[in-house]
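Fold and geometry: a report
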Amino acid sequence: SNTSSGSDTSSNDASSYGARLEIERFERETNHDVIAFTRSVAKSIGPAGKYVHFGLTSYDVVDTALCWALRDAADLLIAAATDLLATLVELAHTHRDTVMIGRTHGVHAEPTTFGAKVALWAPNSIVSHGLVVFRPKTFQMSGLVRARPG
């Protein structure tokens, strides 16, 4: 289908579908998913494609793909954790005077406010947010890092 800018996205979809079919065909021939993928990528590059898998193990390819997936997932988690923290702060302020029954050891206790209850959730959210923001740095890709095969 055409977009408002006039570009044809259906040709991209067809190209992607064709590449997927080619990879599936290569996988049936080689019985190896990574070799099938790298063969398809190499074919799409042209003459320089013969260097795509040169000096790499299959694990190098898989580990790089996993790093990208983890990095992208971390970006989603950071956005969600940021939104959660903002929501908790807003909810705590909105309900700072909303009275509710307190609970302790599964039974009723002194009255409290819903805002105070929500405010207690925020520190855990902040810690979780900090961990999510910190962790992606461990997924940075710079240079080839691998064990020697053998």
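All of these numbers come straight from a predicted model, not from anything done at the bench. (Residues numbered from 1 in each chain as written. Predicted model: local features only at pLDDT ≥ 70, side-chain atom pairs only at ≥ 80, totals over all residues. Heavy atoms only, no water.)

**Some thoughts on the packing of helix α2 (residues 33-45) against helix α3 (residues 58-94)**
At a minimum axis distance of 10 Å, the contact between α2 and α3 shows a crossing angle of 80°. Relative to α3, α2 is oriented roughly perpendicular. Residues Val34, Ile35, Phe37 and Thr38 of α2 pack against Ser58, Val61 and Val62 of α3. For the contact of α2 with α3, the per-class residue count stands at 5 nonpolar, 2 polar and no charged. (Axes fitted to C-alpha atoms, helices over the stretch in contact; angles between N-to-C directions. Helix = DSSP H or I, 4+ residues; strand = E, 2+ residues; numbered from the N terminus. Parallel < 35°, antiparallel > 145°, perpendicular 65-115°, else oblique. Contact = heavy atoms within 4.5 Å. Nonpolar A, V, L, I, M, F, W, Y, C, P; charged D, E, K, R; others polar.)

**Comments concerning the packing of aromatic side chains**
Going through the model one piece at a time under the given rule, you end up with 1 aromatic pair. Measuring from ring centre to ring centre gives 6.3 Å for phenylalanine 114 and tryptophan 121, while their planes differ by 85°; the resulting arrangement is edge-to-face. (Phe/Tyr/Trp six-rings, centres within 6.5 Å; stacked < 30°, edge-to-face > 60°.)

**With respect to the pairing of strand β2 (residues 107-113)**
As defined by bridge partners, strand β1 (residues 99-104) adjoins β2 across 5 bridges and the pair is classed as antiparallel. Directly across from threonine 104, in β2, lies its bridge partner valine 107. Counting the residues that bridge the hairpin from β1 to β2 gives 2 residues, and of these histidine 105 lies at a positive phi of roughly 50°. (Pairing = 2+ DSSP bridges.)

**Details of the side chain of threonine 38**
Position of threonine 38 relative to the elements: it lies in helix α2. Residue classification places threonine 38 among the buried residues on the basis of a relative accessible area of 7%. If sequence neighbours within four positions are ignored, threonine 38 has contacts with Val52, His53 and Val61. (Buried < 20%, exposed > 50% of the residue type's maximum accessible area, 1.4 Å probe, protein only.)

**Side note on the pattern of salt bridges**
Scanning the model with the defined rule gives 4 salt bridges in all. Residue glutamate 22 is joined to lysine 43 by a salt bridge in which the shortest nitrogen-to-oxygen separation is 2.7 Å. Placement of glutamate 22 in helix α1 (residues 9-30) and of lysine 43 in helix α2 is noted, with a sequence separation of 21 residues between them. Given the relative accessible area of 16%, glutamate 22 is considered buried. Residues glutamate 29 and arginine 25 are paired through a salt bridge, measuring 3.0 Å at the closest nitrogen-oxygen approach. A residue pair is termed a helical-turn pair when its members lie 3 or 4 positions apart in one helix, as glutamate 29 and arginine 25 do in helix α1 at 4 residues. Taking relative accessible area as the criterion, arginine 25 reaches 34% and is therefore assigned partly exposed. (Salt bridge = Lys/Arg side-chain N within 4 Å of Asp/Glu carboxyl O.)

**What about the confidence of the model for the protein chain?**
The pLDDT averaged across the protein chain works out to 79; a share of 76% of its residues lies at or above 70. No element of the protein chain has a lower mean pLDDT than helix α4 (residues 114-134), at 79, and none a higher one than β2, at 95. Contacts of residues 1-6 to residues separated by more than four positions or lying in other chains number 7 contacts, the stretch itself having pLDDT below 50. Below a pLDDT of 50 lies the segment residues 143-150, which in the model reaches 6 contacts outside its immediate sequence neighbourhood of four places, other chains included. (pLDDT = per-residue confidence, 0-100.)

**Considerations on the environment of threonine 112**
By the element assignment, threonine 112 lies in strand β2. On a C-alpha basis, the gap between threonine 112 and methionine 100 in space is 5.5 Å, while along the polypeptide they are 12 residues apart. Contacts of threonine 112, omitting those with residues within four sequence positions, involve Thr98, Val99, Met100 and Gly102.

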